[in-house]
Each structure stands twice: as C-alpha cells, then as structure tokens.
Amino acid sequence: MKDLIIYFSRSGENYFGGELKNIEKGNTEVIAEYIQEITGADLFKVEPIVDYPEDYMKCIDVAKKEQQDDARPEIKEALGDIASYDTIYIGFPNWWGTLPMPMFTQLEQLDFTDKTVKAFVTHEGSGFGFAQKDLKKLCAGAEIKKGLSIPGANVYDSKDTVETWINE
Ligand SMILES: Cc1cc2nc3c(=O)[nH]c(=O)nc-3n(C[C@H](O)[C@H](O)[C@H](O)COP(=O)(O)O)c2cc1C
C-alpha cells in the first residue's frame, strides 16, 4: 500500500538565523520531496485560495490573525478520502506555535481512524510547539508516531536524518 504525504509550505521571504531571504521553494516542501523520493509516497500540497503575502512581516500578521480567529481558510483543492493509505506523513512549518490554519481546513475533513501518522515540522527554533497536541485532535483515531523536527536553515542537509526517521 502506498503512503501519502500531506503538507503545507510557503515560498517567498523568510527568516534564516535572523536574516531575511527570498526562497523559491519552502523548507517543508524540501523535506516532503525527500520523503517522496525515499518512500515513493503520493504527495499532496495544501494550498489556500488566497496566497499568503510574500512579505514576511505581512505574512506573520495575517497568520497571527487567522490563528486568533480560529479561521479555516479556504483551500484550492481538498483531499476527501484517505481510505487507500495506511501511513500518512503530515508536514508543515511551525506558525505561531502550531500548524498553519489551512492544514486545519484540510485535516478536519479526513477520517484518520486506524491510520499511522508521522508528522514533520520545519521551524526557526520552536520545534513542534503545541502542534503535537493539535495533531492529536486533528487525527483522532490514528496512531501518531514520533515526529521529526528540522530547523528551516538545515533542510538541505537533512536527507539522511529524514531517511533514518522514516525507517524508525
Ligand atoms: C507566519 C509565520 C509564523 C512563524 N512562526 C514561527 C514560530 O512560532 N516558531 C518558529 O520556530 N518558527 C516560526 N516561523 C518560521 C517557520 O516555521 C520556518 O521558517 C519554516 O521552516 C518555514 O517553512 P516553509 O518554508 O515550508 O513555509 C514562522 C514563519 C511564518 C511565515
């Protein structure tokens, strides 16, 4: 049975060790693609209908407000059914301590009963924050395995770490 990767990732301006840089591919996407290469899993990217600002400072304001409002931003395409998968990798950047709100929009539509979930996060210092607690609710009924936390600046050096984690 194939595995599935569901992830969110944002390109554009981002912080790397205190410095603003423009990146064409988001950090979480780099890890999602490693997992895809290693496992042959299907890849599904959660994309909001309204893009987040490329400008980092504007983006963090929009994201903060969404979290305060407990918003469920509309997404371009939603997965409706994961019945044909056993293991689901869930990847996201830490945004204000947890998953970006479009991941809530997507994950709440899925039935995780008896699935195995392996979550991965990229971040600038906070690791999973309180995302593990939110994932327990979002993936009710799943067995949630040990997660993988990678600083955004290290993603391109992390393929071996990712492989080890996959095989744990
Ligand atoms: C809106 C927003 C909020 C963020 N909040 C946090 C945070 O609370 N803690 C943290 O360690 N990093 C935070 N970051 C940094 C990202 O988690 C980090 O840069 C991540 O690797 C970005 O992944 P991406 O390129 O796949 O979107 C935030 C970034 C953004 C844009």
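See above for the structure.
What counts as what
Residues numbered from 1 in each chain as written. Predicted model: local features only at pLDDT ≥ 70, side-chain atom pairs only at ≥ 80, totals over all residues. Helix = DSSP H or I, 4+ residues; strand = E, 2+ residues; numbered from the N terminus. Rg over C-alpha atoms; globule rule 2.2 N^0.38 Å. Axes fitted to C-alpha atoms, helices over the stretch in contact; angles between N-to-C directions. Parallel < 35°, antiparallel > 145°, perpendicular 65-115°, else oblique. Left-handed = near helix turned anticlockwise from the far one by under 90°. Contact = placed C-beta atoms within 7 Å. Near = placed C-beta within 6 Å. Nonpolar A, V, L, I, M, F, W, Y, C, P; charged D, E, K, R; others polar. Core = buried A, V, L, I, M, F, W, Y, C linked by C-beta atoms within 7 Å. Buried ≥ 20, exposed ≤ 12 C-beta atoms within 10 Å, placed from the backbone. Arc of directions from axis to C-beta. Expected span 1.5 Å × (residues − 1). Pairing = 2+ DSSP bridges. Right-handed = clockwise from strand over helix to strand, strands pointing away.

> What exactly am I supposed to notice about the overall build of the protein chain here?
Looking only at helices and strands, the protein chain has five helices and eight strands in total. Sequence-ordered secondary structure for the protein chain, helices as α and strands as β, is β-β-β-α-β-α-β-α-β-α-β-β-α. Whereas a compact globule of 168 residues would reach a radius of gyration of roughly 15 Å, the protein chain reaches 15 Å, a difference of no more than 12%. Considered along the principal axes of its C-alpha atoms, the protein chain spans approximately 40 × 35 × 25 Å.

> Looking at this structure, I do not really get the packing of helix α1 (residues 27–39) against helix α5 (residues 159–166). What am I missing?
Describing two packed helices takes the angle between their axes plus the distance from one axis to the other. Interhelical geometry of α1 versus α5 gives an angle of 55 degrees and a closest axis separation of 10 Å. The orientation of α1 relative to α5 falls into the category oblique. Note on packing geometry: the crossing formed by α1 with α5 is right-handed. Residues Ile 31, Tyr 34, Ile 35, Ile 38 and Thr 39 of α1 form the contact with α5, whose own contacting residues are Lys 159, Val 162, Glu 163 and Ile 166.

> Whenever I open this one, the site of the ligand confuses me. Can you help?
By nearness alone, 22 residues border the ligand, and Gly 26, Thr 28, Pro 93, Thr 122 and Gly 152 come closest of all. Residue assignment for the shell around the ligand shows that the elements contributing at least two residues are β2 (12–16), α1, α2 (56–68) and β6 (116–123). Residues belonging to the shell around the ligand are distributed by class as follows: seven nonpolar, twelve polar and three charged.

> Which parts of the structure should I look at to understand the nonpolar core?
Soluble, globular proteins show a tendency: their nonpolar side chains are buried together. Counting 35 residues, the largest nonpolar core has Ile 5, Ile 31 and Ile 35 as the members making the most contacts within it. Among all residues touching Ile 31, those that are not within four sequence positions of it are Gly 91, Phe 120, Thr 122, Ile 150, Val 155, Ser 158 and Val 162.

> Please clarify how helix α4 (residues 131–138) should be interpreted in this entry.
Side chains of residues three or four places apart in an α-helix project in the same direction, reflecting 3.6 residues per turn. Of all the positions in α4, only Ala 131, Leu 135 and Leu 138 are classed as buried. The buried residues of α4 occupy one face: seen down the axis, they fall within an arc of 65 degrees. Opposite the buried face of α4, by more than 90 degrees, sit the exposed residues Lys 133, Lys 136 and Lys 137. Buried residues in α4 make contact with β5 (87–93), α3 (101–107), β6 and β7 (143–144).

> Explanation requested: unusual backbone geometry in the structure shown.
A negative phi angle is the norm for most residues apart from glycine, just as the trans form is the norm for most peptide bonds. The phi dihedral of Asp 70 falls on the positive side, at around 50 degrees, and the residue is not glycine. Position of Asp 70 among the secondary structure elements: in the loop between α2 and β5. The phi dihedral of Asp 114 falls on the positive side, at around 65 degrees, and the residue is not glycine. Within the secondary structure layout, Asp 114 lies in the loop between α3 and β6.

> Would you take a moment to explain α1 for this structure?
The terminal C-alpha atoms of α1 lie 19 Å apart, and with 13 residues this matches the ideal 18 Å at 1.5 Å per residue to within 8%. When α1 is considered as a whole, its buried residues turn out to be Asn 27, Thr 28, Glu 29, Ile 31, Ala 32, Tyr 34 and Ile 35. Its buried side turned inward, α1 meets β1 (4–7), β4 (42–45), β5, β6, β8 (148–151) and α5. In the segment just after α1, Gly 40 is the residue with positive phi, at about 75 degrees.

> Before we go on, may I ask you to explain the pairing of β6 in this structure?
Looking along a regular strand, one sees the side chains alternate between the two faces of the sheet. Most of β6 is tucked away: seven of the eight residues are buried. In this structure, β5 lies alongside β6, joined through seven bridges in parallel fashion. Directly across from Phe 92, in β6, lies its bridge partner Val 121. Read from β5 through α3 to β6, the crossover connection turns out right-handed. Examined bridge by bridge, β6 and β7 share two bridges and lie parallel to one another. By the bridge assignment for β7, Val 117 is matched with Ile 144. Two elements, β6 and β8, share four bridges in a ladder whose sense is parallel. Across the sheet, residue Phe 120 finds its bridge partner in β8, namely Leu 148.

So yeah, pure geometry; function would need other evidence.
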